[in-house]
Amino acid sequence: MAQKKAKHRMVLSPQARTELETILGARYVTDDPALMSGYAWNTGVGKIPGGDKFVPIWPIAVVLPATTEEVAAVVKCCKRHGLSFRPHSTGYGSMGCVTSPDSICIDLRRMNHLEVLPEDRMAVIGPYATANQLQAEARKHGLTCHVVGAGPAHSPLASATSLIGVGITSQFTSANMRNMLAWEWVTPEGEIIRGGSAASGLGWYASDGPGPGTRGLLRGFFGGGGGLGVFTRIGIKLFPINQKGKMQTVGQVPQLRSPLPPNTALLHAIFPDYDAQRAATFDLLQDDVCTVMLRMPPDHVGWTLTQSNAEFVRRTRDGTLPEPARQENGASWTILIASRSAAEHQWRDETVREIVTRHGGRFATMTAEEEGVLYHNLATSQYVPRVLRASGGITTSFGVLDSFHFLPKAVEMGEMMLAKDTAPGGDLCEGSPDEQWIWPHEGRYMWAENIIHFDATSEASRAAGARALIGHFAAQWKDPVGMTGLLVGPIQDITGPRIGKAPAFARKVKTYFDKDDRSKTKEHVIPNMPPLVEKILPAFRPVFSSALVLNVMSKMVGKNGT
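Residues numbered from 1 in each chain as written. Predicted model: local features only at pLDDT ≥ 70, side-chain atom pairs only at ≥ 80, totals over all residues. Heavy atoms only, no water.

**Considerations on the pairing of strand 19 (residues 436–441)**
Quick note on the threshold: Summary of the burial criterion: residues with accessible area below 20% of their type's maximum are buried, those above 50% are exposed, and those between are partly exposed, where the area comes from a 1.4 Å probe applied to protein chains only. Think of it this way: any DSSP run of H or I at least four residues long counts as a helix, any run of E at least two long counts as a strand, and we number them from the N terminus. Note on pairing: two strands pair once DSSP finds at least 2 bridges between them.
With six of its six residues buried, strand 19 lies for the most part within the structure. Pairing analysis gives six bridges linking strand 19 to strand 20 (residues 445–454), with the strands arranged antiparallel. Considered in strand 20, the bridge of Ile438 is made with Ala448. Here strand 19 folds back onto strand 20 in antiparallel fashion, the turn holding three residues, of which Glu442 has a positive phi close to 55 degrees.

Structure (structure tokens):
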């Protein structure tokens, strides 16, 4: 059994250590604080550590398996010794950290299998095959993958199996919760299960056979966040592009850019207002002429097109920012058209221009260099570090997952939530209250996500960030702006009937496969919740959304820095 050593640290028993070393070899088992500190140096998504530089809970040990069988043996060892565990792939954000002091961190970095099957437009990957590695290999065959907002360093397997992640190319590449094919899974009991075509030894090309869809059971939209065991290998969809081979890159960091390939255009459409943008969007999606559509807030476009914060501030003040980066041009789409023939390209280009013009829109003037910078960041999803650049802390909220009918209202409510604290003298980073990213999925529905920038070294600023985050949920409960997609952990249960029976169903799955809650996480539903509490919890939504409770919770988050 684990023995207590300190308030937030426990030590591994000699018996458990011996078993783990027998399974993996002594080299791949450690509880050395100098090494484990790297697994605690994290305070959230995109934030630099501030104040207490480590998360309060450290793993009891870290292990590095190399095979699925070793993962299963580690999980069974944890069960025998009464320990919990948490899988860890590339470790983007606090979602990879352990959440209880009795947890083993299972670091999957040795499991980096990556095999592209171009004839089937798919790949077979392990947990530590990163998106940039997958994209680079896929491009050799004229293919690409979906890259979520976490950026090129994330694990597509983790994205597809375990946690929400949406990316700006999903009009063309769909999103990873729909891109997972066959899968291999170590349950919280340590059993190895394969699903889809892999279950029959027929390869990794198909996710489901006859009967209920297992992707919905294991992943759904949000995912278990590491609370349903360990996923060790999957098949994942790839998508054809109009360029084969290495992407040409010119310039120097931070302003890398890529020339547009033949039969490719990057347009920035600007509309007179959000109602006109919404009307045009339905026509653009109906005709399916855009490969990628992205609505970035103007200041985020500005950060992308400038080399430093100082340049951005200077050009803001002297009025020399490019058209797409000016606040008055917020009702806009950055549109990528990628065709495989000159005739197709002519049709797409002319159709887009006709629709935009018909709805009162126009196209921004950009230099070839500005086009190249936007194209490079769009194709590789390198926008993320550009967005993080403006401040030391960032979080995201809202997550509107619904019809484009909600586009104007989403922007309006986002501005309402941030206006006071982004104004000069406010507690958030000074700038525009419009921080809404918007894009379509598969030509069917909208994703809108509101970015919150704060000063990670300031308690007041951290509290303001938490206030905006929690306030979005409260505002959504009172005046819904479509379906809320960012339902992290217990928020799913508090939200209650608005998302149907999904939390209750997810809890049944969790309880069935992990009745002792060994696969620990804070990103999933509350496990083992009494039925009476589950039934009455939604009634407490008005309490959670009251101004007094919001302020108290925000101050607590700001003070603790988590």
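Past the structure itself, the notes keep going.
**A word on the environment of Thr90**
Heads up, the condition is: Pairs of residues are marked as contacts when any of their non-hydrogen atoms sit within 4.5 Å. In the analysis that follows, any N or O atom pair within 3.5 Å is treated as a polar contact, provided that within protein one partner can donate a hydrogen and the other can accept it, and provided that, for residues neighboring in sequence, both atoms belong to side chains.
By the secondary structure assignment, Thr90 is in the loop between strand 5 (84–88) and strand 6 (103–107). It is 23 Å that separates the C-alpha atoms of Thr90 and Ala456, two residues lying 366 residues apart in sequence. In this structure Thr90 touches Tyr128, Thr130, Ala153, His154 and Ser155, once residues within four positions along its chain are discounted. Side-chain polar atoms of Thr90 contact the backbone oxygen of Ala153, separated by 3.5 Å.

**Some details on the sheet that holds strand 10 (residues 180–186)**
Selection rule: Where helices are involved, their axes are fitted lines through C-alpha atoms of the stretch in contact, as for all axes, and angles between N-to-C directions lie from 0 to 180°.
Strand order in the open sheet formed by five strands is 7-8-12-10-11, with antiparallel pairing between adjacent strands. Edge positions in the sheet fall to strand 7 (114–117) and strand 11 (192–195), since each of these pairs with one other strand and no more. Here the average twist between neighbouring strands, direction ignored, is 10 degrees. The pairing of strand 7 with strand 8 (residues 122–125) spans four bridges and is antiparallel. Counterpart to Glu115 in the pairing with strand 8 is Val124. Each of strand 7, strand 8 and strand 12 (230–237) touches helix 4 (residues 131–139); the most contacted strand, strand 7, lies at about 35 degrees to it.

**A look at the sheet that holds strand 6**
Reading across from one edge, 3-4-6-5 is the order of the four strands in this open sheet, with mixed pairing throughout. Since the sheet does not close on itself, it has two edges, and those belong to strand 3 (29–30) and strand 5, each with one partner. The sheet contact formed by strand 4 (residues 61–63) and strand 6 spans three bridges and is parallel. If you follow Ala61 over to strand 6, its bridge partner there is Ile104.

**Concerning the pattern of salt bridges**
In plain terms, the rule: Each salt bridge in this description consists of a side-chain nitrogen of Lys or Arg and a carboxyl oxygen of Asp or Glu lying within 4 Å of one another.
In the structure shown here, the tally under the stated rule is 24 salt bridges. One salt bridge connects Arg358 with Glu354, and the closest N-O pair in it is separated by 2.8 Å. Taken as a pair, Arg358 and Glu354 lie in helix 12 (residues 342–358) at a separation of four residues, close to a single helical turn. Classification of Arg358 by relative accessible area gives partly exposed; the value is 47%. Residue Glu354 is classed as partly exposed on the basis of its relative accessible area, which comes to 40%. A salt bridge links Arg467 to Asp421; the shortest N-O distance between them is 3.0 Å. Note that Arg467 is positioned in helix 16 (residues 459–478) and Asp421 in helix 15 (residues 407–422), a separation of 46 residues in sequence. Using a relative accessible area of 10% as the deciding quantity, one classes Asp421 as buried.

**Topic: helix 9 (residues 274–287)**
Our working rule: Given the number of residues in a helix, its expected span is that number minus one, multiplied by 1.5 Å. Working note: the arc is built from the helix axis to C-beta atom directions.
Relative to the 20 Å expected for 14 residues at 1.5 Å per residue, helix 9 spans 20 Å between its end C-alpha atoms, a close match to the ideal helical length. Those residues of helix 9 that fall on the buried side of the exposure criterion are Ala276, Gln277, Ala280, Thr281, Leu284 and Leu285. Projected down its long axis, helix 9 carries its buried residues within an arc of 160 degrees, all on one side. A distance of 3.2 Å separates the backbone nitrogen of Asp275 from a side-chain oxygen at the start of helix 9, and that oxygen is part of Asp273. Asp288 occupies a position one or two residues after helix 9 and carries a positive phi of about 50 degrees.

**Overview of the packing of aromatic side chains**
Quick note on the threshold: A pair of aromatic rings is counted whenever rings of Phe, Tyr or Trp (Trp by its six-membered ring) have centres within 6.5 Å, and the orientation is called stacked for planes under 30 degrees apart, edge-to-face for over 60 and tilted otherwise. Our definition puts a charge over a ring when NZ of Lys or CZ of Arg is within 6 Å of the ring centre and also within 35 degrees of the ring normal.
Taken as a whole, this structure holds nine aromatic pairs when the rule is applied. Here Trp183 and Trp185 contribute two aromatic rings whose centre-to-centre distance is 6.3 Å and whose plane-to-plane angle is 70 degrees, an arrangement assigned as edge-to-face. Trp185 matches Trp183 in its accessibility class, with the two residues each being buried. Ring pairs connect the aromatic residues Trp183, Trp185, Phe231, Tyr512 and Phe513, which therefore count as one cluster. Taking NZ or CZ as reference, Arg110 lies 3.5 Å from the ring centre of Tyr28, over its face.

**A short note on the confidence of the model for the protein chain**
For clarity, the cut-off: Confidence of the prediction at every residue is given by pLDDT, a number between 0 and 100.
Mean pLDDT for the protein chain: 89, with 91% of residues reaching 70 or above. Within the model, pLDDT remains below 50 along residues 1–7, and this stretch shows 14 contacts once partners closer than five positions in the same chain are excluded. Low pLDDT, under 50, characterises residues 46–51; the stretch is placed with 14 contacts to residues that sit more than four places away or in other chains.

**A short note on the nonpolar core**
Among soluble globular proteins, nonpolar side chains are generally buried collectively. Filter applied, for reference: In this description, a nonpolar core means a group of buried Ala, Val, Leu, Ile, Met, Phe, Trp, Tyr and Cys residues linked to one another through side-chain atoms lying within 4.5 Å.
If you look at the biggest cluster of nonpolar residues, it comprises 35 residues, and the most contacted ones within it are Ile168, Leu294, Leu374, Tyr383, Trp437, Trp439 and Trp447. Of all the elements in the fold, those that place two or more residues in this core are strand 15 (292–294), helix 10 (298–305), helix 13 (368–380), helix 14 (383–388), strand 18 (393–402), strand 19 and strand 20. Top element by residues in this core is helix 13. It accounts for five residues. The next biggest cluster of nonpolar side chains, apart from the first, holds 30 residues, and it includes Cys290, Val400, Ala410 and Met413.

**Some remarks on the packing of helix 9 against helix 15**
If you want to describe how two helices pack, look at the angle between their axes and the distance between the axes. Convention followed: Just so you know how the angles are binned, under 35 degrees is roughly parallel, over 145 roughly antiparallel, 65 to 115 roughly perpendicular, and the rest oblique. Residues are grouped as follows: nonpolar covers Ala, Val, Leu, Ile, Met, Phe, Trp, Tyr, Cys and Pro; charged covers Asp, Glu, Lys and Arg; every other residue, Gly included, is treated as polar.
Two elements in contact, helix 9 and helix 15, have axes whose closest approach is 8 Å; the angle formed by their N-to-C orientations is 140 degrees. Compared by their axis directions, helix 9 and helix 15 come out oblique. Only Leu407, Pro408 and Val411 of helix 15 make contact with helix 9, whose side of the interface consists of Tyr274, Asp275, Gln277 and Arg278. Its residues placed into classes, the contact of helix 9 with helix 15 shows four nonpolar, one polar and two charged.

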